[in-house]
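Observations on the three-dimensional arrangement
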2 protein chains.
Amino acid sequence: MPNPRFEKLAATLANSPFDAIALNPGPTLSYLTGLNFHLMERPVVLIYAPGQNPAILLPELELQKTKDLPYPLKTYPYGENPAEWAKAFRTALFELDLYGRTIGVEPRRMRVLELRLIENGAPGSHVLSAEKELASLRLCKDAPEIEKMRQAVTIAQNALEATLPQIKIGMSEKEIAAELTIQLLRNGSDPEMPFAPIVSGGPNSANPHASPSERKLQPGDLLVIDWGASYDGYISDLTRTFAIGQIDAEYSKIHEIVQQANAAGRAAGKPGVACAVIDQAARAVIETAGYGTYFTHRTGHGIGMEGHEEPYLRGDNEQLLEAGMAYTVEPGIYLPGRNGVRIEDDMIVTVNGCESLSDLPREIRVVG
Amino acid sequence: MPNPRFEKLAATLANSPFDAIALNPGPTLSYLTGLNFHLMERPVVLIYAPGQNPAILLPELELQKTKDLPYPLKTYPYGENPAEWAKAFRTALFELDLYGRTIGVEPRRMRVLELRLIENGAPGSHVLSAEKELASLRLCKDAPEIEKMRQAVTIAQNALEATLPQIKIGMSEKEIAAELTIQLLRNGSDPEMPFAPIVSGGPNSANPHASPSERKLQPGDLLVIDWGASYDGYISDLTRTFAIGQIDAEYSKIHEIVQQANAAGRAAGKPGVACAVIDQAARAVIETAGYGTYFTHRTGHGIGMEGHEEPYLRGDNEQLLEAGMAYTVEPGIYLPGRNGVRIEDDMIVTVNGCESLSDLPREIRVVG
């Protein structure tokens, strides 16, 4: 039985310069094959040239994973000596007739390790970015995919609600992050999390990409929690901001502004609207309130099998939304050295609007 | 104050063809800078040309991380529009005088995304693998590093002991993996785990790289658990195999053989001994017992900030051990479609021998 996702890829490639696609382990490889491999020191590369069976280069000890597939997959296994890699690539690329051809890769997945093996294994070939073609493959989610994302959101929300009562003044960010991770697992997240939770309090909350530290929560802090779950290969990515006891009036004010910006961003999505318009809808609220320079990042990013994927909600992105696209809306205000706020939801574009998969309260809650 | 680790790198590069090194986020970048970045859709690249201050290209929203460093670091921040990337790379590479130079990268870290930005940003440059030079940087662990690895082993061992009493017949591999992950966090692992635990029972245990599945434990199964913790950037990686109730006599026998192979591999390490010798010491036990074809992988791999790093314990690796090197010894026997065994410990080479950081019982234990 042919694999319909490879046929979808073949259709995408028909209007492209690519004679074949070469993929490292990652969501696109998993989406196409149903197989999961880790990116490791040994190269694993799927090669697909439309009109031929897909092929995969992999260590012998991974061969077992390719048994009993419901579609044909040609395997090129190699042994434990890295000296065997070059020959395996040469053989595969020769048998696939890819010498001198144009081969597309994912520039954010393909490493120099595999790139050089392909370039040297297929003399005269050109290896170019097929980012656009490959992103389009997973861009619009179908109903089973949306159901998995919904499940990943539910798990994340339940995990946060189970964690909040345990948060106390004096707890460190790391302790809260560990407890939240435990609750994610208890509530059904796959063990491989989409990302380690961000738990940042006080001045650390003014750093949008902070790692949880040993800093202990203090009265008057804002506490930003940015977390997600993984369910059957699909993920969620949410953020809420909390008050530790009584907070400064300005912090209440910036939370209120971000909440309005989040609402404006969530309301703006529907088929035919440009990504830039969503970004502007959220950003305008913050700019009008006078905090524009403290909203230092884009309004959101696509979400699905990856934590960050297309479409990106940036002011320069004229890409139009379509039903089935999924993205985060996550405006923030960050006052350097003081405190920060971010509120993030996961959206799905519907046929005539959009829906937030997440429904946790967005108003500021006092914890601790 | 200059950063001594950059000076160590400068010394390594003095006898190399490289005018500079360019690094993506990962252990080597963290080792040199003390900074942690995720590999994401936005490029973050550290460039070091000996004799000049190190430089880093990064998104504006990550700039905060580079404040208050105890050594000079030149930053090249860019905004949210990817169109800015090329200019930032061109500027940095021009100011570092790297046009037409030889630039070394880690082929297993550097992606096509950053490679193309470097190649296009520094006309005439050659980007080559500096794997050997860079691996040597982190190859021998110093006392504080070994202490962190010891801590990562202790956390992993305590987590497993807390998990074992909960394992029952009828539990799924996924449930056990989730519980083990919870215990890793409760026992002090950093939230970012080195890898998701492998929990594989019965026929799945015959696949060395299995992912935890919905399969439920059955009497007579072997159960392979391969897990690790992370502590302050350093990791552990252990494996033990358990019996679910009464097992087949052949399974007891292969466990006994693997236990002897593990002991032989652990005993063989000391300064001046080749990696191949350790591999042979473990492999010979399994081959002599007649199961050589069922030991399908190398005996072990280096360990430290990465789950897999140099030195690799393969039959073809003539690299000589030195004090401070760290590696796993993990022989296995895998009977396809039936059951498998693996026993893995984490070793440190000492001045006149080697030490196992792990001391969990290795004989087969009955659980369930």
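Worth saying up front: this structure is predicted, and the values here are computed from it rather than measured. Here the residue numbers are simple positions, counted from 1 along each chain's written sequence. Here the convention is simple: chains get letters from A, ligands get numbers from 1, in the order in which they are written. With pLDDT at 70 or above as the cut-off, local features in this predicted model cover only qualifying residues; side-chain atom pairs require 80 or more to be listed or tallied, and sums for whole chains, interfaces and linings still use all residues. Hydrogens and water are ignored here; the side-chain numbers use all heavy atoms of the structure.

1. With respect to the overall build of chain A
Helix and strand counts for chain A stand at 9 helices and 19 strands. Our radius of gyration looks at C-alpha atoms and nothing else; its globule reference is 2.2 Å times the residue count to the power 0.38. For chain A, the C-alpha radius of gyration of 23 Å lies close to 21 Å, the compact-globule estimate for 368 residues. Projected onto the principal axes, the alpha-carbon positions of chain A cover approximately 70 × 45 × 35 Å. For every residue, the accessible area (1.4 Å probe, protein chains only) is compared with the maximum for its type, and the residue is labelled buried under 20%, exposed over 50%, or partly exposed between those bounds. Within chain A, the proportion of its 368 residues that are buried is 58%. Contacts in chain A between residues far apart in sequence, at least 24 positions, make up 66% of those at least 6 positions apart. Method for areas: the Shrake-Rupley scheme with a 1.4 Å probe, in which residue coverage is limited to the protein chains shown. In the form shown here, chain A has an accessible surface area of approximately 13300 Å², with 52% of it arising from carbon and sulfur atoms. Of the charged side chains in chain A, 34 are positive and 47 negative; the average position of the first set lies 1 Å away from that of the second. Strands here are runs of E lasting at least two residues and helices are runs of H or I lasting at least four, both read from the DSSP assignment and numbered beginning at the N terminus. We call two residues in contact when some of their heavy atoms are within 4.5 Å. Under the counting rule used here, the positive set is Lys and Arg, the negative set is Asp and Glu, and His together with the chain ends is not counted. Where a charge sits is defined by one atom per residue type, namely NZ (Lys), CZ (Arg), CG (Asp) or CD (Glu).

2. Structural notes on the side chain of Glu344(B)
Positionally, Glu344(B) belongs in the loop between strand S16 (340-342) and strand S17 (345-349). In this view, Glu344(B) contacts Asp226(B), Asp237(B), Leu238(B), Thr239(B), Arg240(B), Asn262(B), His301(B), Thr328(B), Val329(B) and Glu330(B); residues no more than four positions away in its chain are not counted.

3. Let's talk about the pattern of salt bridges
The term salt bridge refers to a pairing of a side-chain nitrogen on Lys or Arg with a carboxyl oxygen on Asp or Glu at a separation within 4 Å. A full pass over the atoms with the stated rule returns 59 salt bridges over all chains. Residues Glu119(A) and Arg116(A) are paired through a salt bridge, measuring 3.1 Å at the closest nitrogen-oxygen approach. Taken together, the residues span about one helical turn, with Glu119(A) and Arg116(A) both in helix H4 (residues 112-121) at a distance of 3 residues. The class for Glu119(A) is partly exposed, based on a relative accessible area of 24%. When its relative accessible area of 24% is taken as the criterion, Arg116(A) is described as partly exposed. Here Glu41(B) ties to Arg42(B) by a salt bridge, and the two come within 3.8 Å at their closest N and O atoms. Connected through salt bridges with shared partners, the residues Arg109(A), Arg138(A), Lys141(A), Glu306(A) and Glu309(A) form a single ionic network.

4. A few points about the relation of the copies chain A and chain B
The superposition of copies rests on a least-squares fit of C-alpha positions from residues with pLDDT of 70 or more in both. Here chain A sits on chain B after a turn of 180° about the axis and a move of 0.0 Å along it, with an RMSD of 0.0 Å. In short, the pair behaves as if placed about a two-fold rotation axis. Considering only C-alpha atoms, the part of chain A nearest the rotation axis is Arg111(A), at 2.0 Å.

5. Thoughts on the interface of chain A and chain B
On the side of chain B, 45 residues touch chain A, which itself brings 45 residues to the contact. A 1.4 Å probe defines the accessible area here, and the buried area is the portion of it lost by two parts on being joined, summed over both. Of the roughly 4300 Å² buried where chain A meets chain B, counting both sides, 57% is carbon and sulfur surface. On the chain A side of the contact with chain B, Glu41(A), Leu61(A) and His209(A) bury the most area, a combined 14% of that side's loss. Linking chain A with chain B are 7 salt bridges, by the criterion used here. Taking the shortest distance from any N to any O, the salt bridge between Arg298(B) and Glu41(A) comes out at 2.3 Å. Elements with a contribution of two residues or more to the side of chain A that touches chain B: H4 and helix H7 (173-186) of chain A. Top contributing element to the side of chain A that touches chain B by residue count: H7(A), with 8 residues. Taken together, the residues that form the side of chain A that touches chain B break down as 18 nonpolar, 9 polar and 18 charged. Each residue is assigned to one class: nonpolar for Ala, Val, Leu, Ile, Met, Phe, Trp, Tyr, Cys and Pro, charged for Asp, Glu, Lys and Arg, and polar for all the others, Gly among them.

6. Observations concerning the sheet that holds strand S4 (residues 74-78) of chain A
Residues and elements named next belong to chain A. For two strands to be treated as a pair, DSSP must find at least two bridges joining them. The 6 strands lie next to each other as S4-S3-S2-S1-S5-S6, forming an open sheet whose pairing is mixed. The open sheet terminates on both sides in strands that have one partner only, identified here as S4 and strand S6 (126-129). The average angle at which neighbouring strand axes cross in this sheet is 25°, direction not considered. Under this scheme, a helix contributes an axis fitted over its contacting stretch, all axes are lines through C-alpha atoms, and angles between N-to-C directions fall in the 0 to 180 degree range. Lying over the sheet, helix H1 (residues 4-14) contacts strand S1 (20-23) and strand S2 (45-48), oriented at roughly 60° with respect to S2.

7. Section: the packing of aromatic side chains
For Phe, Tyr and Trp, where Trp contributes only its six-membered ring, two rings pair if their centres lie within 6.5 Å, and the inter-plane angle classes them as stacked under 30 degrees, edge-to-face over 60, or tilted in between. Per the counting criterion, the structure on display carries 10 aromatic pairs over all chains. Two thresholds decide whether a charge sits over a ring: the Lys NZ or Arg CZ must be within 6 Å of the ring centre and within 35 degrees of the ring normal. The positively charged end of Arg283(A) is found above the aromatic ring belonging to Phe295(A), 4.1 Å away from the centroid.

8. Description of the packing of helix H6 (residues 143-163) of chain A against H7(A)
Residue and element names in this part refer to chain A. Interaxial distance between H6 and H7 falls to 8 Å at its minimum, and their mutual angle equals 130°. On the basis of their axis angle, the class for H6 and H7 is oblique. For the pair H6 and H7, the crossing hand works out as right-handed. Facing H6, whose interface residues are Ile155, Ala156, Ala159, Leu160, Ala162 and Thr163, H7 presents Ile176, Glu179, Leu180, Gln183 and Leu184. Residues of the contact of H6 with H7, tallied by class, amount to 8 nonpolar, 2 polar and 1 charged. Note that the term roughly parallel is reserved for angles under 35 degrees, roughly antiparallel for angles over 145, roughly perpendicular for angles of 65 to 115, and oblique for everything else. Left-handed is the label given to a crossing in which the near helix is rotated counterclockwise from the far helix by less than a right angle, and right-handed is the label when the rotation is clockwise.

9. Brief notes about the domain arrangement of chain A
Residues and elements named next belong to chain A. Each domain's extent is set by a domain assignment, obtained either automatically or from a database. Once the domains are mapped, chain A shows domain 1 (4-137) and domain 2 (143-367). Listed per partner, the contact involves 8 residues of domain 1 and 8 residues of domain 2. Interface of domain 1 and domain 2: buried area, both sides summed, is about 600 Å²; carbon and sulfur atoms make up 50% of it. For domain 1, the biggest contributors to the area lost against domain 2 are Pro27, Tyr31 and Arg108; these three give 53% of the whole. Residue Arg109 pairs with Glu306 through a salt bridge whose shortest N-O separation is 2.7 Å. Here a polar contact means two N or O atoms within 3.5 Å. Within protein one must be a hydrogen donor candidate and the other an acceptor candidate, and residues neighboring in sequence count only if both atoms are side-chain atoms. Applying the counting rule to domain 1 against domain 2 returns 2 residue pairs in polar contact (both at pLDDT 80 or more). Ranked by residues supplied to the side of domain 1 that touches domain 2, first place goes to helix H2 (residues 27-33) with 3 residues.

10. As for helix H6 (residues 143-163) of chain B
Each α-helix winds once per 3.6 residues, and so residues spaced three or four apart point in a common direction. A helix is expected to reach a length of 1.5 Å times the quantity of its residues less one. End to end, H6(B) covers 30 Å across 21 residues, agreeing with the expected 30 Å (1.5 Å per residue, within 8%). For H6(B), the set of buried residues is Glu145(B), Ile146(B), Met149(B), Ala152(B), Val153(B), Ile155(B), Ala156(B), Gln157(B), Ala159(B), Leu160(B) and Thr163(B).

11. Brief notes about the environment of Tyr76(A)
All names here are of chain A. With respect to the helices and strands, Tyr76 occurs in strand S4. We classify Tyr76 as buried; its relative accessible area is 8%. Once the C-alpha coordinates of Tyr76 and Tyr291 are considered, the two residues, 215 residues apart in sequence, prove to be 56 Å apart. Setting aside residues no more than four positions away along its own chain, Tyr76 makes contact with Ala55, Ile56, Leu57, Leu58, Thr91, Ala92 and Glu95.

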